Amino acid sequence: WFTQVASRSGIRGKESWRKLKELLERQNHECPYTGRKLTLGVNASIDHKCARSTDRNKVGLIENIEWVDLEVNKAKRAMTRDSFIAFCKLIASRFQ
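Structure report, in brief. A quick note: this is a predicted structure, and the numbers were derived from the prediction, not measured. Counting from 1, residues in each chain are numbered in the order their sequence is written. Residues qualify for local features only when their pLDDT is at least 70, as the model is predicted, and side-chain atom pairs are given and counted only at 80 or more; totals for whole chains, interfaces and linings, by contrast, use all residues. Side-chain descriptors were evaluated using all non-hydrogen atoms of the structure, hydrogens and water having been removed beforehand.

## Quick look at the packing of aromatic side chains
And step 1. The rule is short: rings of Phe, Tyr and Trp, with Trp giving its six-membered ring, pair when the centres are within 6.5 Å, and they are stacked under 30 degrees, edge-to-face over 60, tilted in between. As enumerated under the stated definition, the model contains 4 aromatic pairs in all.
And step 2. Their ring planes at 90° and their centres at 5.6 Å tell us that Trp1 and Phe2 sit as a pair that is edge-to-face.
And step 3. Each residue in the set Trp1, Phe2 and Trp67 is aromatic and connected to the rest through ring pairs, giving one cluster.
And step 4. Sitting over the ring of Tyr33, Arg81 keeps its end group 4.7 Å from the ring centre. Charge over a ring is defined by NZ of Lys or CZ of Arg lying within 6 Å of the ring centre and within 35 degrees of the ring normal.

Here's what the structure looks like:
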């Protein structure tokens, strides 16, 4: 499973799967945006901090990867962390 995710994320190398597994463990299986518990095969998703579409030089770099909740990844798309958070704040402000 980790090997497939690594390949789809552009992370190459014999031990690429191990890097992803260790990253998930360093994150304590927790989404940095929502705090939700990440479960493989359920809601754990790989996000590129700098989107592949905007910075091809960072594709495959483990430093550019973080595990996030699948719903976050779908909503964030190619936004940067700061842009996504600002967008979430804008939406939330309309419902306070």
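## Remarks on the pattern of salt bridges
And step 1. Here a salt bridge means any side-chain nitrogen of Lys or Arg lying within 4 Å of a carboxyl oxygen belonging to Asp or Glu. Under the defined criterion, the tally for this structure stands at 7 salt bridges.
And step 2. With a shortest N-O distance of 2.6 Å, Arg18 and Glu15 are connected by a salt bridge.
And step 3. Residue burial is assigned from relative accessible area. The probe radius is 1.4 Å, only protein chains are included, and a residue is buried under 20% of its type maximum, exposed over 50%, and partly exposed in between. For Arg18, a relative accessible area of 37% corresponds to the partly exposed category.
And step 4. Here Lys76 ties to Asp47 by a salt bridge, and the two come within 2.9 Å at their closest N and O atoms. Separated by 29 residues along the polypeptide, Lys76 in helix H3 (residues 70-76) and Asp47 in strand S1 (residues 44-48) bring together distant segments of the chain.
And step 5. Using a relative accessible area of 3% as the deciding quantity, one classes Asp47 as buried.
And step 6. Sharing partners across several salt bridges, the network here consists of Arg36, Asp69 and Glu71. A run of H or I in DSSP becomes a helix once it reaches four residues, and a run of E becomes a strand once it reaches two; helices and strands are each numbered from the N terminus.

## Section: the nonpolar core
And step 1. Here, the term nonpolar core denotes a set of buried Ala, Val, Leu, Ile, Met, Phe, Trp, Tyr and Cys residues that are joined through side-chain atoms within 4.5 Å. Counting 18 residues, the largest nonpolar core has Leu20, Ile65 and Trp67 as its most contacted members.
And step 2. Secondary structure elements with two or more residues in this core: helix H1 (2-9), helix H2 (16-26), S1 and strand S2 (65-69).
And step 3. For Ile65, the residues in contact, after removing those within four places along its chain, are Ile11, Leu20, Leu23, Ile46, Asp47, His48 and Lys49. Residue contacts are counted whenever heavy atoms from the two residues lie within 4.5 Å of one another.

## Brief notes about a nonpolar patch on the surface
And step 1. Candidates for patches are residues over 30% relative accessible area with no salt bridge; among them, like charges are joined within 9 Å and nonpolar side chains (Val, Leu, Ile, Met, Phe, Trp, Tyr) within 5 Å. Every accessible area reported is derived by Shrake-Rupley at a probe size of 1.4 Å, with residue values counting cover from the shown protein chains alone. A cluster of nonpolar side chains, contributed by Phe87, Leu90, Ile91 and Phe95, occupies part of the molecular surface with about 440 Å² of accessible area.
And step 2. Structurally, Phe95 can be placed in the segment after helix H4 (81-93).
And step 3. A relative accessible area of 69% means that Phe95 is categorised as exposed.

## Side note on the packing of H1 against H2
And step 1. Their axes nearest at 8 Å, the elements H1 and H2 cross at an angle of 100°. Looking at the two axes, H1 sits roughly perpendicular to H2. Contact residues: Phe2, Thr3, Val5 and Ala6 in H1; Ser16, Trp17, Leu20, Lys21 and Leu24 in H2.
And step 2. Amino acids are sorted into nonpolar (Ala, Val, Leu, Ile, Met, Phe, Trp, Tyr, Cys and Pro), charged (Asp, Glu, Lys and Arg) and polar (every other residue, Gly among them). Residue composition of the contact of H1 with H2, grouped by class: 6 nonpolar, 2 polar and 1 charged. Lines fitted to C-alpha atoms define the axes here, with helix axes fitted over just the stretch in contact, and angles between the N-to-C directions of these axes take values from 0 to 180 degrees. Note on terminology: angles under 35 degrees are roughly parallel, angles over 145 are roughly antiparallel, angles of 65 to 115 are roughly perpendicular, and the others are oblique.

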